[in-house]
Structure formats: structure tokens, C-alpha cells
Amino acid sequence: MLYYISGIIGIIAIGIVFWDHFMDDRLLTKRVRNYYEIIEKLIFYEYKTIIANHKLKNESFDDSERVKIIEVLKKNRIDKYFYSDILVQNYSECGKFLGLFSNNKTHFHVNFYINGEKYILHKRGYFEKHSFKEGEFFRPDLFGAFPGHIIPENGVKIIDKFLENLRKYWKHNYTRRKYFRGNLNQKLDFSDILKINFRQ
């Protein structure tokens, strides 16, 4: 009888340990996924804001269209600061799981290069080249313009590559042999930035 009771207690103990690991893994995955998605939203709203400002300066709008764009800018500004605060405040807890490094809590980066150049994410949501030379900000209006667009396709590729590296770091370093930790997926299509039309 004692043998069976010991066996049952052992099974329950193993079940509790298994459940704790399961819950820990799921909670960690949820925290990291939320943090990653905040980074996506921060970048998207920053460039959407830049595009709205660019259009207001360089295109003609009637009063109702202009009011609509200004309202978009106000909302984007609130969202951007909210996401930027989360990026900074939760960096020490979540950034390491994405391979994200920060030198001074204003610039965040992963180790990747495009055409030999390294890009770093500013806490406001835009990218800068690693050299930080004046005039080298990764801003849409400083790229070569082409009809109908402000950000060229290589700008979107830089954003996508940055986000891909975050996802890969999590996958390769924190999900192997951890069956209850899911992968991260890109939620936003940054090619949509090229198609933003405030007259819709």
C-alpha cells in the first residue's frame, strides 16, 4: 500500500514540475511576443507619422483632408510615445531574449548589416546608420524618391531584416528543446507603408 501511495505522490510531483515548466515557458513566450509586437508597432507608427508630415508639407489637401491627416498625426504621436516607453521600460526584462542591445537606452540594435552598413533602432522608432554621421538618419525623405512613394523598397527591406533578426535570435537561442515556447511571427506588413493614402 505504501508503495502505491509513494508512486502516486511521485507522479503528482512530476506533474507539478511539468506544469510549472509549461506555465513558465508559456508566460515567457507571451511576454517576449508582446515586446516584439510593440517594436513592430513603434516602427510602423513612426514611419506612418513621418509620411503624414511629408504629405502635409508637399501635397495639396482640402481642409477636411488636412484635418483628417492632423488627427492621424495626433493619434500616432500618442501611440508612438506609449510604445517607446514600453520599449525602454521592459528592455532589461525582454530585450535579451531578442538579442537586442542598448548602449544608452535611446538606441537599440541587433548584429546585422545590409550592404556593409549597420542600422540601429532609435527609441522613437526610426533607424539610424551605425556611423551616426550628420545627415545619415534612416529617414524616408532622405532616400531617393520614386513615383508615388516616400520610402523606397530598400528601406522596407532594412526594417524587415531588423525584425527578422529579432525573431531568429529568439528561435535559435530560446526555443530549441523548449517545446512549449512558440515562434515569433511578423504581424505588420511594412510594404503597406509604401501605399499609405490619407485620402481613402
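Residues numbered from 1 in each chain as written. Predicted model: local features only at pLDDT ≥ 70, side-chain atom pairs only at ≥ 80, totals over all residues. Heavy atoms only, no water.

I'm lost on the packing of aromatic side chains in this one. Help?
Each aromatic ring pair is summarised here by two numbers: the centre-to-centre distance and the angle between the ring planes. By the definition in use, this model includes nine aromatic pairs. Arranged with centres 5.8 Å apart and planes meeting at 65°, the rings of Phe44 and Phe190 form a pair that is edge-to-face. You can see Phe44 sitting in helix H1 (residues 2-58) and its partner Phe190 sitting in the segment after helix H4 (153-174), a full 146 residues away along the chain. For Phe44, a relative accessible area of 15% corresponds to the buried category. Both rings, one in Phe97 and one in Tyr174, keep their centres 4.9 Å apart while their planes meet at 75°; by these two values the pair is edge-to-face. (Phe/Tyr/Trp six-rings, centres within 6.5 Å; stacked < 30°, edge-to-face > 60°. Helix = DSSP H or I, 4+ residues; strand = E, 2+ residues; numbered from the N terminus. Buried < 20%, exposed > 50% of the residue type's maximum accessible area, 1.4 Å probe, protein only.)

What is the right way to read the environment of Lys48 from this model?
Position of Lys48 relative to the elements: it lies in helix H1. The class for Lys48 is partly exposed, based on a relative accessible area of 22%. Here the alpha-carbon distance between Lys48 and Ile196, two residues 148 residues apart in the chain, equals 7.8 Å.

Just checking my understanding: could you explain the environment of Arg31 for this structure?
Here Arg31 shows up in helix H1. Sequence spacing of Arg31 and Cys94 is 63 residues, and the spatial spacing of their C-alpha atoms is 7.2 Å. Every residue in contact with Arg31, bar those within four places of it in the chain, is listed here: Glu93 and Cys94. (Contact = heavy atoms within 4.5 Å.)

Mind showing me how you'd approach the pattern of salt bridges here?
Oppositely charged side chains are able to pair whenever their charged atoms sit close together. Tallied over the full model, the rule gives six salt bridges. The shortest N-O distance in the salt bridge between Lys75 and Asp79 comes to 2.8 Å. In this pair, Lys75 and Asp79 are both assigned in helix H2 (residues 63-89), four residues apart and thus about one turn of the helix distant. Using a relative accessible area of 13% as the deciding quantity, one classes Asp79 as buried. One network of salt bridges, with partners in common, ties together Glu46, Lys80 and Arg124. (Salt bridge = Lys/Arg side-chain N within 4 Å of Asp/Glu carboxyl O.)

I tried to follow H2 on my own but got confused; where do I start?
Each turn of an α-helix holds 3.6 residues, which means side chains three or four residues apart point in the same direction. For H2, built from 27 residues, the straight-helix expectation of 39 Å at 1.5 Å per residue is met to within 8% by its first-to-last C-alpha distance of 39 Å. Every buried residue of H2 is accounted for by Glu65, Ile69, Leu73, Asn76, Asp79, Lys80, Tyr83, Ser84, Ile86 and Leu87. (Expected span 1.5 Å × (residues − 1).)

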